[in-house]
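Structural characterization, general
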Amino acid sequence: MWDAGSLIIGIVIGVSLFRLPGSVLSNVPGPLTALAMWLLGGVLSLAGALCYCELATAHPQSGGDYVYLTRAYGSCTGFLFGWMRFTIIHPANIGAMAFVFAEHAVHFFGLPSGGEAMLAIGAIIVLTGLNLGGVMLGKGTQNALSVCKIAGLAAIVVAGVRVALSNSFGGVQPPNPQPAVVSEATTNYGLALIFVLFAYGGWNDAAFVAAEVRDVRRNIPRALLAGLGTITVIYLLVNTAYIAGLGADGVRASNTPAADLLQSAWGDVGDAAISLIVMLSALGAVNGMIFAGSRVFSAMGVEHRAFSLLGHWDPERRSPVRALASIGGMSVLLVWLVGTVDGTRLLDRFIKPFGFKGAELLPGGGGFETLVAGAAPIFWIFLLLSGLSVIVLRRREPDRERPFRCGAPVVPLIFCGTSAWMLWSGAKYALTFATSLTLLSAIVLIAGGVVYAVMGRGRRSM
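Residues numbered from 1 in each chain as written. Predicted model: local features only at pLDDT ≥ 70, side-chain atom pairs only at ≥ 80, totals over all residues. Heavy atoms only, no water.

What follows is about the overall build of the protein. Within the protein, the secondary structure is distributed over 16 helices and zero strands. Counting every position in the protein, which comprises 462 residues, the buried fraction comes to 55%. Long-range pairs, those at least 24 residues apart, make up 81% of the contacts in the protein between residues at least 6 apart in sequence. Per element, the accessible surface of the protein, about 19,100 Å² overall, is 66% carbon and sulfur. (Helix = DSSP H or I, 4+ residues; strand = E, 2+ residues; numbered from the N terminus. Buried < 20%, exposed > 50% of the residue type's maximum accessible area, 1.4 Å probe, protein only. Contact = heavy atoms within 4.5 Å. Areas by Shrake-Rupley, 256 points an atom, 1.4 Å probe, with all protein chains shown as cover.)

Now the structure itself:
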């Protein structure tokens, strides 16, 4: 249970907590409303976790959404889910976190800029290698990174209390790093909720390793609920620390509230500390996604000939070594394509015939974030289908044992409504700021359908 809970914390708490609080606070009337939005995000994610508790305990197999989508809608839907995870969604998320690690590593160690892509590639290779060493080494790395991450977040809370007490008892108030006049917050609850739910994303990845959890029917629900509960508490405490230490206007004005707060509390030592905290958080997210994602692709390898090479498990290491190596390789390839001059030139040659804008993919131009945004609608489509599968499978398999039931249909409907909202909002954002890459995701999805039609079903049905 602790390993699965650590996996959830490691994946969910990436870098959003260090970037998005100002964006959330800028779209609500005040601090209390902002904290209420973070609490609401935890509650809505909890509804999804309850759905996954029912799905994972009724179908205790590695693969998570792939298993549920296949049983509910057929093998083609499950295949397309795994196809998009393998080609776009998972490598993009892993690479994004690796880039964040690299950016802060350059700052922390005082390295010359320009080598971020190679640092990101190095981080992916090292963490993939640790996971290839076996399940014990992989989960041990995840547990250690999660503990370091929580300790770093605790330091942020302490810094907020320190600065707030100093101000209350007449201490000299630290200068605001961005003293510019702050405009009045614009009320946009929908946009604030988008930011919050983005920060909670990734908790469902724990279902990917269901078959490897001892006493899965008891420990998966415990891990999901305890993990999300811990994350919600951490988010509330850290946001309270930001507000207490910097004030509402200070948080709104800052793109890096954690760095500003720790620098206010401890000067240059605090600045170095936040870089280290973000590095550990990013590494924890990368390791968690490599560990969990490989289980999806291994499950696909057993079921579909197109992925048959990924289905092999090493009995001594208790790990899907080929799937681990493949997802690490795909992530490295994507980082090279969008983060190096040679890679972007090659990608530019490929995308121009389709009408894509190569400028979106230039190094340092936000191209990688654009790639992630372009893949977001696909991600939320499949999450919405997973939520609906609770209702579909109840009707299709009424006699199947369900050790954990998420309750009346209202719980799945809450989760599905949330997913539908994020799908609509994500599509609107992607079509505005990442039109070309949204189209690229659609092309890859269509290609997956062609591959499925050509290769056919795998060796056995589920």
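Let us keep going from here.
On to a nonpolar patch on the surface, then. Side chains of Phe108, Phe109, Leu111 and Leu276 sit close together on the surface and give an oily, nonpolar patch of about 350 Å² of accessible area. Tracing the chain through its elements places Leu111 in the loop between helix H5 (75-109) and helix H6 (116-132). For Leu111, a relative accessible area of 38% puts it in the partly exposed group. (Patch = residues over 30% accessible without salt bridge, like charges linked within 9 Å, V, L, I, M, F, W, Y side chains within 5 Å. Salt bridge = Lys/Arg side-chain N within 4 Å of Asp/Glu carboxyl O.)

Examined against the element boundaries, His59 turns out to sit in the loop between helix H3 (31-58) and helix H4 (65-73). Side-chain polar atoms of His59 contact the side chain of Arg71, separated by 3.4 Å. For His59, the contacting residues outside a window of four places in its chain are Val67, Tyr68, Arg71, Leu393, Glu397 and Arg400. (Polar contact = N/O pair within 3.5 Å; in protein donor to acceptor, adjacent residues only side chain to side chain.)

The next point concerns the packing of H6 against helix H12 (residues 321-339). Running from N to C, H6 and H12 cross one another at 180 degrees; their axes reach a closest spacing of 10 Å. The angle between the axes of H6 and H12 places the two elements in the roughly antiparallel class. Taken together, the residues of H12 that come into contact with H6 (itself represented by Ala117, Ala120, Ile121, Ile124, Ile125, Thr128, Asn131 and Leu132) are Val321, Leu324, Ala325, Gly328, Ser331, Val332, Val335, Trp336 and Gly339. Grouping the amino acids of the contact of H6 with H12 by side-chain chemistry returns 12 nonpolar, five polar and no charged. (Axes fitted to C-alpha atoms, helices over the stretch in contact; angles between N-to-C directions. Parallel < 35°, antiparallel > 145°, perpendicular 65-115°, else oblique. Nonpolar A, V, L, I, M, F, W, Y, C, P; charged D, E, K, R; others polar.)

Another aspect to go through is empty space enclosed by the protein. Taken as a whole and assessed by the stated rule, the structure comprises four cavities of 30 Å³ or more. Space inside the largest cavity adds up to approximately 120 Å³. The element best represented in the lining of the largest cavity is helix H14 (residues 367-396), accounting for three residues. Considered class by class, the residues forming the lining of the largest cavity number eight nonpolar, five polar and no charged. (1 Å grid on protein atoms, 1.4 Å probe; cavity = no way out; pocket = protein on both sides within 12 Å on 5 of 7 lines; lining within 4 Å. Points joined across faces, edges and corners; volume = space filled by probe spheres on them.)

Another point: the environment of Leu334. Within the secondary structure, Leu334 sits in helix H12. In this structure Leu334 comes out as buried when scored by relative accessible area, which is 14%. A C-alpha to C-alpha distance of 10.0 Å links Leu334 and Leu347, two positions 13 residues apart in sequence.

Attention shifts here to the environment of Glu316. Its place among the elements puts Glu316 in the loop between helix H11 (268-303) and H12. It is 9.8 Å that separates the C-alpha atoms of Glu316 and Gly133, two residues lying 183 residues apart in sequence.

Scanning the model with the defined rule gives 11 aromatic pairs in all. Consider the rings of Tyr52 and Phe415, whose centres lie 6.2 Å apart with planes at 85 degrees: the pair is edge-to-face. Here the residue Tyr52 occupies a position in helix H3, and Phe415 occupies one in helix H15 (residues 410-433), the gap between them amounting to 363 residues. Note on accessibility: Tyr52 and Phe415 belong to one class, buried. Here the aromatic rings of Phe79 and Trp83 are separated by 6.1 Å at their centres, their planes lie at 25 degrees, and the arrangement is stacked. Of this pair, Phe79 and Trp83 both sit in helix H5, four residues apart, which is roughly one turn of the helix. (Phe/Tyr/Trp six-rings, centres within 6.5 Å; stacked < 30°, edge-to-face > 60°.)

With the rule as written, the count across this model stands at zero disulfides. As a non-bridged cysteine, Cys406 has Cys51 as the owner of its nearest cysteine sulfur, 4.4 Å distant. (Disulfide = S-S within 2.5 Å.)

Taking 1.5 Å of rise per residue, 12 residues should cover 16 Å, and helix H8 (residues 189-200) covers 16 Å from first to last C-alpha, within 8% of that figure. Taken together, the buried positions of H8 are Gly190, Ala192, Leu193, Val196, Leu197, Ala199 and Tyr200. Directly beyond the C-terminal end of H8, a positive phi value near 110 degrees is found at Gly202. (Expected span 1.5 Å × (residues − 1).)

With that out of the way, let us pick up the packing of helix H10 (residues 257-266) against H11. Direction vectors running N to C along H10 and H11 enclose 145 degrees, while the axes themselves pass 6 Å from each other. In the packing of H10 onto H11, the handedness of the crossing is right-handed. In contact with Ala258, Ala259, Leu262, Gln263 and Trp266 of H10, H11 contributes Asp268, Val269, Gly270, Asp271, Ala273, Ile274 and Ile277. Here the contact of H10 with H11 is built from residues that sort into eight nonpolar, two polar and two charged. (Left-handed = near helix turned anticlockwise from the far one by under 90°.)

This paragraph deals with the pattern of salt bridges. Going through the model one piece at a time under the given rule, you end up with four salt bridges. A salt bridge links Arg71 to Glu397, with the shortest nitrogen-to-oxygen separation between them at 3.0 Å. Of this pair, Arg71 sits in helix H4 while Glu397 is found in the loop between H14 and H15, placing the two residues 326 residues apart along the sequence. Each member of the pair, Arg71 as well as Glu397, is classed as buried. The partner of Asp249 in a salt bridge is Arg252, and the shortest N-O contact between them spans 3.1 Å. Of the two residues, Asp249 and Arg252 are both situated in helix H9 (residues 216-253); the distance of three residues between them amounts to about one turn of the helix. For Arg252, a relative accessible area of 16% translates into the label buried.

Counting residues in hydrophobic clusters, the biggest one holds 118 residues, and the most contacted among them are Phe18, Ile156, Tyr235 and Ile274. Ranked by residue count, the leading element in this core is H5, at 17 residues. Not counting the four nearest positions on each side in its chain, Ile274 is found in contact with Phe18, Ile156, Ala258, Ala259 and Leu262. (Core = buried A, V, L, I, M, F, W, Y, C linked by side-chain atoms within 4.5 Å.)

Residue pairs three or four apart in sequence face the same way in an α-helix, which turns once every 3.6 residues. Counting buried residues along H4, eight of its nine residues qualify, which places the element largely inside the surrounding structure. Just past H4, the residue Gly74 takes up positive phi, approximately 110 degrees.

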